[in-house]
Amino acid sequence: MPSAERILITGLVQGVGFRPAVWRLATDLQLYGWVRNTAAGVEIHLEGEDAQRAEFLARLPAFAPRLARIEQITHASTPATGCGDFSIHANAPSTSALSAQIGPDLGVCPECLAELFDPASRRYRYPLLACTQCGPRYTVTRHLPYCRASTSLAPYPLCPPCAAEYAQPADRRFHAEATACPTCGPAHRLLDADGKPLSEDPAAGAWQRIQAGGIVAVKGLGGFHLVCDATNAATVARLRARKNRDAKPFAVMAANCLSLAAWVHVSEPAARLLQSEARPIVLLSARVDMAIALPGIAPDLDRLGVMLPATPMQWLLLYEAAGCPMGMAWTQKAQSTLLVMTSANPGGEPLVRDNDEALARLAGIADAYWLHDRDIVVRCDDSVQGSEVREQASTSFFIRRARGYTPLAIPLADDGVPALALGAYLKNAICLARGRAAFLSQHIGSLDNAASMDFLEETVAHLLATLKITPAVIAHDLHPDLPSTRLALKMAARLGVPALGIAHHHAHLAAVCAEYGIDTPVLGLALDGVGLGTDGGLWGGELLRLEAAECERLGHLAPLKLPGGDAAAREPWRMGIAFLHGSGAVPAVIENWLHSRFPDRQAAPLIAMLDKNLHCPPTTSLGRVFDTAAALLGICARNRYEAEAAMRLESLAAGYIRQHGEITAPPLSAIRTLQNGVLDLSPLLASLVAESNAAQGAARFHTGLAKALANWLAATAKSEGITTLTASGGCLQNALLLRLLTERLAAFDLKLLTPQAAPAGDGGLALGQVWVARKMLAGQSHECRGNAL
């Protein structure tokens, strides 16, 4: 009897067509046995001659589906059972520890797209079609191993034609668990503003309303979008008013990159990112006339968030807009339609997920609803990525990591105990670690309302259940009053495991260490809006030395006062007054400056507050330095959304530098490092006070800041004898600063490691928290120490 082999493949091997690929390879080599999903991944029983089995193992990695990510292949001899063919078996019972992974939701593949627009196809215009290479995964999965019974498609038995495809090894829907058709799959329908069904074709009716200036709520993969004509200024203004979104930019969607080229500069790397299976929103440089042609889309910004269709429903809207042409050629031609595609999350609360929820929460906002009956198990917003094109390279980075990427594992260099980290207050995301993999959740958002806290708990429960992880430790931010901290302590007490507080900026840089597998001393810049320091102060411009679980504060930015506390973060004009007051300006000078920049504001109350040092806590935050610069230049008095002043400052600077080149900053000798590694940026800020050209001042600020930070980091690296340099924090999402800082350090022959797999902002914080917590439990000490303000 021929010999047999038992093979186990771990990694992302479920929900990607791996079993059908194994079947085809085994059949080609005339091998016998079976393949099945297990709690650990994919298991294969293989019978046949030694040479054929050896060839199978050699060819398997290259034969795997393009969406698979193999982590490990192990094999061992096993008794042959006399199999007469090769087949796909049902999932194995979950008797071992789970190590399998589930993939993210993916955009429509070309083959399914062709069916969607083919009148001869039985899936013509059916907006819930999918196959092994596209469609929902994470957002429909209730638990692993992955199969139809474990998804929200379970209530929809396959009709005979779909069942035949599912059972046909040569078909791309062979064991496609999310497959469906109009006969057996979930239904879809169009409702009016009152929730009453409309008899017309849903796609045609939705487009007609959009074309007429309406706002339509459209159900997607991970939740609802609000959709309208981006070129209709009145409709965009109405959407802003209804959604209570004064100025925060909207994302827009077009059919293809040729269509987007009318509005933004699309480089080849950006086109590849836009066209990838993840289909993220990508921030690209806008053309000079964008603000005039698209008023209200991205006010006062030089970048536009753009995306291509990710779902069949989105494609059908553009198909209707194009006049329902025959064939696929239209998908590659420039189309004039541009749609606002913004998350349906009124009031900053979590994304609307369910049909009944949409009718309740979007009442008064949407003029119509295009719904479907495939339940969304867990919400998942669109991913957002920045893109920075340089002379010889292009890089992208996450602003928000969600649909298309969650819950792809981030590989870790070291094994460790199962761990859970609950992230930060703003831009919350959680992270689970199992073995050598970290699973960063989708974007949850700011924990400033009860609905977001419910979403946080929902996400924790779903990921723990899906991945079958019981954490041995729970990490949280050092701030004791954050909702995520309270939840961590509550869960730790219930599970009887330790809860560990991790300093905010330690976690930012630790996330970079986790991503790059660094186990040597690291020097890093943690640059963001605010985070609680180990001395109880408000940190945000920190120079830190990391080694495993230990963190030492070597330096920080010179502190600025926050007149009114949190109000200063919302109203940058306060930071302008605080800077002038701290520089020794007399009240008359401050009054004159304020009158020239923001004549509707009153300086006297803040001057009195600063004189008495009443409710004026100090901060080392670089985010507040950006606010100060924006105020001194008269750019922004009030942040209508988080980081508006900084984003507008960056836009002005980027535009000026593109046109005129970099501008000379104040002599670096004037920007000095004081005792205890304190970097004083006041000469740079002082150069902005009398600047009459805001764009020129913004460019000077960015250029000078990058030079000062690079010199500070390079000098400290030399004195400490450390060559591994990192930077993270929300300020690193400023593409211009990131580019200038990287270039300045390259001039010193130094390379800066920055986040690529997770956001640099608080959305990536949980990755660093979980990394530090595991180091602590592995027996390494944990301390973040340094000089106080």
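Just so it is clear, the model here is predicted, and its values are computed rather than measured.

**Description of the packing of helix α16 (residues 572–582) against helix α18 (residues 604–611)**
Following both chains from N to C, one finds α16 and α18 inclined at 50 degrees, their axes separated by 10 Å at the closest point. Between α16 and α18, the angle falls in the class oblique. Seen from above, α16 lies across α18 with right-handed handedness. Residues W573, R574, I577, A578 and H581 of α16 form the contact with α18, whose own contacting residues are L606, I607, L610 and D611.

**Some remarks on the pattern of salt bridges**
Applying the stated rule across the entire model yields 39 salt bridges. Taking the shortest distance from any N to any O, the salt bridge between R553 and D535 comes out at 3.7 Å. With R553 in strand β24 (residues 550–557) and D535 in the loop between β22 (522–532) and β23 (538–547), this residue pair connects regions lying 18 residues apart in the sequence. Take D535: its relative accessible area is 34%, and that puts it in the partly exposed class. The salt bridge involving E720 is made with R545; its shortest N-O contact spans 3.8 Å. Taken together, the positions of E720 in helix α22 (residues 694–720) and R545 in strand β23 put the pair 175 residues apart, joining distant regions of the chain. Of the residues examined, E720 reaches a relative accessible area of 36% and is grouped as partly exposed.

**Some words on the side chain of D382**
Within the secondary structure, D382 sits in the loop between β13 (368–372) and β14 (384–389). Residue classification places D382 among the buried positions, given a relative accessible area of 4%. Discounting residues that sit within four places of it in the chain, D382 has contacts with H225, I281, M307, R400, A402 and R403.

**Structural notes on helix α4 (residues 160–167)**
Of the positions making up α4, those classed as buried are C162, E165 and Y166. The arc enclosing the buried residues of α4, seen along the axis, measures out at 100 degrees, which places them on a common side. For α4, exposure combined with an orientation more than 90 degrees from the buried face picks out P160 and A167.

**Some remarks on α18**
Within α18 the residues assigned to the buried category are L606, I607 and L610. One face of α18 carries all of its buried residues, which in axial projection span an arc of 100 degrees. Close packing links the buried residues of α18 with β25 (560–561), α16 and α17 (587–597). Phi for N613, located one or two positions after α18, is positive at around 50 degrees.

**Some remarks on the environment of A58**
Relative to the assigned elements, A58 resides in helix α2 (residues 50–63). C-alpha of A58 to C-alpha of A366: the two residues are 308 residues apart in sequence and 55 Å apart in space.

**Looking at the packing of aromatic side chains**
Tallied over the full model, the rule gives 9 aromatic pairs. Aromatic pair Y319 and W330: ring centres 5.8 Å apart, planes at 40 degrees, arrangement tilted. Residue Y319 is found in helix α10 (residues 312–321), and its partner W330 is found in the loop between α10 and β12 (339–343); the two are separated by 11 residues along the sequence. Here Y319 and W330 have matching classes, each one buried. Ring geometry for F626 against F701: centres 5.2 Å apart, planes inclined by 80 degrees, an arrangement best described as edge-to-face. Here the residue F626 occupies a position in helix α19 (residues 622–632), and F701 occupies one in helix α22, the gap between them amounting to 75 residues. For F626, a relative accessible area of 2% translates into the label buried. Under the relative-accessibility criterion, F701 is labelled buried at 0%. By the ring-pair criterion, three or more aromatic residues cluster together here, those being F117, W315, Y319 and W330. Of note, R240 hangs over the ring of F250, and the distance from its end group to the ring centre comes to 4.2 Å.

**Points about the packing of α16 against α19**
How two helices sit against one another is set out by the angle between their axes and by the gap between those axes. One way to put it is that α16 packs onto α19 with a least axis distance of 7 Å and a crossing angle of 90 degrees. Between α16 and α19, the interaxial angle falls into the category roughly perpendicular. Contact with α16, carried on its side by P572, W573, M575, G576, F579 and L580, involves R624, D627, T628, A631 and L632 of α19 and no other residues of that element.

**Brief notes about the environment of D481**
On the secondary structure map, D481 appears in the loop between β20 (473–477) and α13 (483–495). Taking the C-alpha atoms as reference, D481 lies 20 Å from A568; in sequence the two are 87 residues apart.

**Observations regarding the nonpolar core**
Counting residues in hydrophobic clusters, the biggest one holds 76 residues, and the most contacted among them are I577, L622, F701 and L709. I577 has contacts with I590, W593, L594, A603, L606, I607 and L610, leaving out every residue within four places of it along the chain. Of all hydrophobic cores here, the second largest spans 46 residues; its members include A247, W263, A286 and L362.

**Some words on the sheet that holds strand β3 (residues 42–47)**
Ordered in space as β4-β1-β3-β2-β5, the 5 strands form an open sheet in which the pairing is mixed. Looking at strand neighbours, the two that pair on one side only are β4 (69–78) and β5 (86–88), the edges of this open sheet. For this sheet, the mean inter-axis angle between neighbouring strands, taken without regard to orientation, is 15 degrees. Where strand β1 (residues 4–12) meets β3, 6 bridges bridge the pair, whose relative direction is antiparallel.

**Here's the deal with the pairing of β12**
Most of β12 sits inside the fold, with 5 of its 5 residues counted as buried. Along β12, one buried face is formed by L339, M341 and S343 and the opposite face, lined by V340 and T342, is buried too.

**What to know about the pairing of strand β7 (residues 216–219)**
Neither face of β7 is left uncovered, since the one carrying V216 and V218 and the one carrying A217 and K219 both have all their residues buried. Relative to strand β8 (residues 224–229), β7 is paired through 4 bridges, and the arrangement is antiparallel. Bridge pairing links A217 to L226 in β8. Between β7 and β8, which follow one another and run antiparallel, lie 4 residues, and G223 among them has a positive phi close to 160 degrees. Pairing geometry for β7 and β13, over 3 bridges, is parallel. Each residue of the ladder has a partner; that of A217, found in β13, is Y369.

**Quick look at the sheet that holds strand β19 (residues 437–440)**
Backbone-to-backbone hydrogen bonds join strands into a sheet, with any given pair of strands oriented parallel or antiparallel. Read across the sheet, 6 strands follow the order β16-β19-β18-β17-β20-β21 without closing on themselves; strand pairing throughout is mixed. Both edges of this open sheet fall to β16 (409–411) and β21 (499–502), since each of them pairs with a single strand only. Shown here is a sheet whose adjacent strand axes are inclined to one another by a mean of 25 degrees, direction ignored. In the sheet, β20 pairs with β21 via 4 bridges, with the strands oriented parallel. Paired with I474 across the strands is A499, a residue of β21. This element, α13, spans β17 (419–421), β20 and β21 of the sheet and lies at about 165 degrees to β20.

**Here's the deal with the state of the cysteines**
One pass over the full model with this rule turns up 0 disulfides. Free of any disulfide, C184 has its nearest cysteine sulfur in C181, 3.7 Å distant.

**Details of unusual backbone geometry**
Looking along the chain, the bond that leaves T406 and enters P407 is cis, with omega of 5 degrees. Notably, K468 is not glycine yet its phi reads approximately 50 degrees, a positive angle. Mapped onto the fold, K468 is located in the loop between α12 (450–467) and β20. In the Ramachandran plot, D749 falls in the positive-phi region, its phi being about 65 degrees despite a non-glycine side chain. In this structure, D749 sits in the loop between α23 (735–747) and β29 (752–753). D749 gets classed as exposed once you look at its relative accessible area, which sits at 71%.

Rules and cut-offs
- Residues numbered from 1 in each chain as written.
- Predicted model: local features only at pLDDT ≥ 70, side-chain atom pairs only at ≥ 80, totals over all residues.
- Heavy atoms only, no water.
- Axes fitted to C-alpha atoms, helices over the stretch in contact; angles between N-to-C directions.
- Helix = DSSP H or I, 4+ residues; strand = E, 2+ residues; numbered from the N terminus.
- Parallel < 35°, antiparallel > 145°, perpendicular 65-115°, else oblique.
- Left-handed = near helix turned anticlockwise from the far one by under 90°.
- Contact = heavy atoms within 4.5 Å.
- Salt bridge = Lys/Arg side-chain N within 4 Å of Asp/Glu carboxyl O.
- Buried < 20%, exposed > 50% of the residue type's maximum accessible area, 1.4 Å probe, protein only.
- Arc of directions from axis to C-beta.
- Phe/Tyr/Trp six-rings, centres within 6.5 Å; stacked < 30°, edge-to-face > 60°.
- Lys NZ or Arg CZ within 6 Å of the ring centre and 35° of its normal.
- Core = buried A, V, L, I, M, F, W, Y, C linked by side-chain atoms within 4.5 Å.
- Pairing = 2+ DSSP bridges.
- Disulfide = S-S within 2.5 Å.

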